[in-house]
Amino acid sequence: MPAFPDISRIAFEGAKSKNPLAFKHYDANEKVEGRTMKDWLRFSVVYWHTFRNRLSDPFGAGTAIRPWDDGSESVENAQSRARVAFEFIEKLGAPYYAFHDRDVAPEGATLRESNKNLDAVVKVLKAEQKRTGVKLLWGTACLFAHPRYAHGAATSCNADVFAYGAAQVKKALEVTHELGGEGYVFWGGREGYATLWNTNMKRELDHLAKFLHMAVDYKKAIGFKGQFYIEPKPKEPTKHQYDSDAAACLNFLREYGLIDHLKLNLETNHATLAGHTMQHELEVAAAAGALGSIDANTGDAMLGWDTDQFPTDIYLTTQCMLSIMKAGGLTTGGVNFDAKVRRESFEPVDLFHAHIGGMDAFARGLKIAAAIRADGRLAKFVHDRYSSYDSGVGAKIEAGSVGFKELETYILKKGEAAPNTSGRQEMLENLINEFI
Ligand code: XLS
Ligand code: NI
Ligand code: NI
């Protein structure tokens, strides 16, 4: 029995359509700069929010109406939920999904039992992937929900918890590999601290690096070719998360010899919490050749937590796509909707509205970014702004053929620097608005 009997495959109906259950802008096969929208965007549905979030908040119980879910932690319920998930993803027309080990299958009393539960659900996931053609963008392990991870996993003060986390990730890597996952994400759920009074930061960071090196070794051992990602987030649930932003992650990866093994999975709301824009995080990652994948969501400017809302702001999606296109596109990564419907949007159909909105917002961002690129004025402005480095003293600076002494001689002879030109921020903001 279908879980969404009244909803058929979501179709592209174009900008004039008034049908809320249709795409107005996302046309999977439409080509943009020679690549289909489907390939540029590589949309992915997250299992944890879309199928496990009961929509509770710190002040009240969950409101979600999910008739297919009996609310139990049984393997059978997990299996039938998995089938519903694929009905949803197929009807939506998203090519990918992503999951945590513990949101697809229930945690057992022992690791052995949890692994058995996971295997039973993975069997269904595998069959459903085959039936629908939907693929796994990335897998991950939940190393933060169970009380054992109260002090973290890889950064826990308790070595047994480190070992438990390692065993859990080992299994999660195996099932991700078995399901043909194109990547694997490390989000350090509780890898951080609540207070420095009880924390040996250096030791915890060393342990985190050890953990990731072990994962790299195990990946090689089982022949898993997927891309590893680290997902920056500055706070929540801990006061300070070690992977606080893109720059902090890159520094950590370089310091510990991991830079060749992991790229970044950037999330908009995490960028906001770090006091950055998503565009900033994307540019930091791209500059380091580490732009991997994005968790597409948004926060609320008035609220200081990870509200994980669906992205609908066209400026945001345009900025994302400009940075992504400049970097050559997402290769193994995707636009993964790490987002949840509001507690007040509790009906099953709201899941469709939310994803359709996010997909259309990104499709518009893609088209607008392509138009800005085709127009060329923005890129030309930025290029010309640095033209003093294309010849003369600037070219020598970039080539590394001059030092302080030569530059002193140069300026002493010249007397004063050439005049600056305007940054033209307002003009460029107006230019962007021509396209939005
Ligand atoms: C939480 C994170 C999480 C990761 C996957 O804030 O965004 O959902 O993406 O563990
Ligand atoms: Ni995320
Ligand atoms: Ni998040």
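Residues numbered from 1 in each chain as written. Chains lettered and ligands numbered in written order. Predicted model: local features only at pLDDT ≥ 70, side-chain atom pairs only at ≥ 80, totals over all residues. Heavy atoms only, no water.

> Looking at this model, I keep getting lost on the coordination of the nickel ion (ligand 2). Mind explaining?
Geometry sets the ideal angles at a metal, namely 109.5 degrees for four tetrahedral donors and 90 or 180 degrees for six octahedral donors. Every protein donor of the nickel ion (ligand 2) is accounted for by Glu-231 (OE), Glu-267 (OE), Asp-295 (OD) and Asp-338 (OD), and the metal-donor separations fall at 2.0 to 2.1 Å. Of note, the donors binding the nickel ion (ligand 2) are all from one chain and are spaced E-x35-E-x27-D-x42-D. (Donors = N, O, S within 2.8 Å, 3.2 Å for Na, K, Ca; no water.)

> Looking at this structure, how should I read unusual backbone geometry?
Where the residue is not glycine, phi is negative for most of them; where a peptide bond is considered, it is trans in most cases. Here the residue pair Glu-236 and Pro-237 is connected by a cis peptide bond, since its omega of 10° sits within 30 degrees of zero. Its place among the elements puts Pro-237 in the loop between strand 10 (227-230) and strand 11 (240-241). One non-glycine residue, Arg-42, adopts positive backbone phi at about 45°. Secondary-structure assignment places Arg-42 in the loop between helix 1 (37-41) and strand 5 (43-46). For Arg-42, a relative accessible area of 11% translates into the label buried. The backbone of Leu-55 shows a phi angle near 65°, a positive value even though the residue is not glycine. (Helix = DSSP H or I, 4+ residues; strand = E, 2+ residues; numbered from the N terminus. Buried < 20%, exposed > 50% of the residue type's maximum accessible area, 1.4 Å probe, protein only.)

> How should the pairing of strand 7 (residues 135-140) be read in this particular structure?
Side chains on a regular strand alternate between the two faces of the sheet. Counted residue by residue, strand 7 has five buried out of six residues, so it is predominantly covered. Bridge count for strand 6 (residues 96-100) against strand 7 is five bridges, and the pairing is parallel. Opposite Tyr-97, over in strand 7, you have Leu-136 as the bridge partner. (Pairing = 2+ DSSP bridges.)

> Explain the coordination of the nickel ion (ligand 3) to me, please; I cannot follow it from the model alone.
The protein atoms that coordinate the nickel ion (ligand 3) are Glu-267 (OE), His-270 (NE2) and Asp-306 (OD), at distances spanning 2.1 to 2.5 Å. Between the two metal centres, the nickel ion (ligand 3) and the nickel ion (ligand 2), the spacing is 3.8 Å, with Glu-267 acting as a shared donor. Looking at His-270, the relative accessible area reads 3%, which means it is buried.

> Explanation requested: the site of ligand 1 in the structure shown.
Residues in close proximity to ligand 1 include Trp-48, His-100, Trp-187, Glu-231, Lys-233, Glu-267, His-270, Asp-295, Asp-306 and Asp-338, which together make up its full environment. Within the side chain of Asp-295, one N or O atom sits 2.9 Å away from an oxygen atom of ligand 1. Contacts to ligand 1 include Asp-306, whose side-chain N or O atom sits 3.0 Å from an oxygen atom. With the chains in place, 94% of the 290 Å² that ligand 1 exposes on its own is no longer accessible. The residue inventory of the shell around ligand 1, partitioned by class, reads two nonpolar, two polar and six charged. (Near = heavy atom within 4 Å. Polar contact = N/O pair within 3.5 Å; in protein donor to acceptor, adjacent residues only side chain to side chain. Areas by Shrake-Rupley, 256 points an atom, 1.4 Å probe, with all protein chains shown as cover. Nonpolar A, V, L, I, M, F, W, Y, C, P; charged D, E, K, R; others polar.)

> Hey, could you run me through helix 16 (residues 425-435) in this one?
Counting along an α-helix, one turn takes 3.6 residues, and residues three or four places apart therefore face a common direction. Of all the positions in helix 16, only Leu-428, Leu-431 and Ile-432 are classed as buried. Along the axis of helix 16, the buried positions cluster into a sector of 100°, meaning they face one direction only. In helix 16, the exposed positions that point more than 90 degrees away from the buried face belong to Glu-426 and Glu-434. For helix 16, the elements touching its buried residues are helix 11 (314-326), helix 12 (348-375) and helix 13 (377-385). (Arc of directions from axis to C-beta. Contact = heavy atoms within 4.5 Å.)

> Mind showing me how you'd approach the pairing of strand 13 (residues 291-295) here?
For strand 13, the tally of buried residues reaches five of five residues, placing the bulk of the element in the interior. Bridge analysis of strand 12 (residues 262-267) against strand 13 gives four bridges, and the strand direction is parallel. By the bridge assignment, Asn-265 is partnered in strand 13 with Ser-293. On the question of chirality, the crossover connecting strand 13 to the parallel strand 14 (residues 335-337) by way of helix 11 is right-handed. (Right-handed = clockwise from strand over helix to strand, strands pointing away.)

> Quick question: what am I supposed to make of the environment of Ser-293 here?
By secondary structure assignment, the location of Ser-293 is in strand 13. With 39 residues separating them in the primary sequence, Ser-293 and Thr-332 have C-alpha atoms 7.4 Å apart.

> Explain the nonpolar core here, please?
Generally speaking, soluble globular proteins have nonpolar side chains that are buried together. Counting 106 residues, the largest nonpolar core has Leu-41, Leu-125, Leu-264 and Phe-362 as the members making the most contacts within it. Ranked by the residues each element gives to this core, the list is headed by helix 12, at 13 residues. Leaving out residues up to four positions away in the same chain, Phe-362 has contacts with Leu-41, Phe-43, Ile-294, Ala-296, Pro-311, Thr-317, Cys-320, Met-321, Val-335 and Phe-337. By size, the runner-up hydrophobic cluster in this structure holds 11 residues, among which are Tyr-96, Ala-98, Trp-138 and Tyr-229. (Core = buried A, V, L, I, M, F, W, Y, C linked by side-chain atoms within 4.5 Å.)

> Help me out: how do you make sense of the packing of aromatic side chains in this one?
For any pair of aromatic rings, geometry is given as the distance between the ring centres together with the angle between the planes. Overall, the coordinates contain 22 aromatic pairs when judged by the stated rule. On the basis of an interplanar angle of 55° and a centroid distance of 5.2 Å, the ring pair of Phe-4 and Trp-68 is categorised as tilted. One end of the pair, Phe-4, is in the segment before strand 1 (11-12); the other, Trp-68, is in the loop between helix 2 (47-52) and helix 3 (75-92), and 64 residues separate them in sequence. The burial state of Phe-4 is the same as that of Trp-68; both residues are buried. (Phe/Tyr/Trp six-rings, centres within 6.5 Å; stacked < 30°, edge-to-face > 60°.)

> Before we go on, may I ask you to explain the pattern of salt bridges in this structure?
Pairs may arise between side chains of opposite charge once their charged atoms sit close together. The final tally for this structure, using the stated rule, is 21 salt bridges. Across the salt bridge formed by Arg-42 and Glu-182, the nearest N and O atoms sit 2.8 Å from each other. One end of the pair, Arg-42, is in the loop between helix 1 and strand 5; the other, Glu-182, is in the loop between helix 6 (159-178) and strand 8 (183-186), with 140 residues separating them in the sequence. With its nearest N and O atoms 3.5 Å apart, the salt bridge here joins Lys-126 to Glu-178. You can see Lys-126 sitting in helix 5 (residues 111-132) and its partner Glu-178 sitting in helix 6, a full 52 residues away along the chain. A relative accessible area of 38% means that Lys-126 is categorised as partly exposed. When its relative accessible area of 41% is taken as the criterion, Glu-178 is described as partly exposed. (Salt bridge = Lys/Arg side-chain N within 4 Å of Asp/Glu carboxyl O.)

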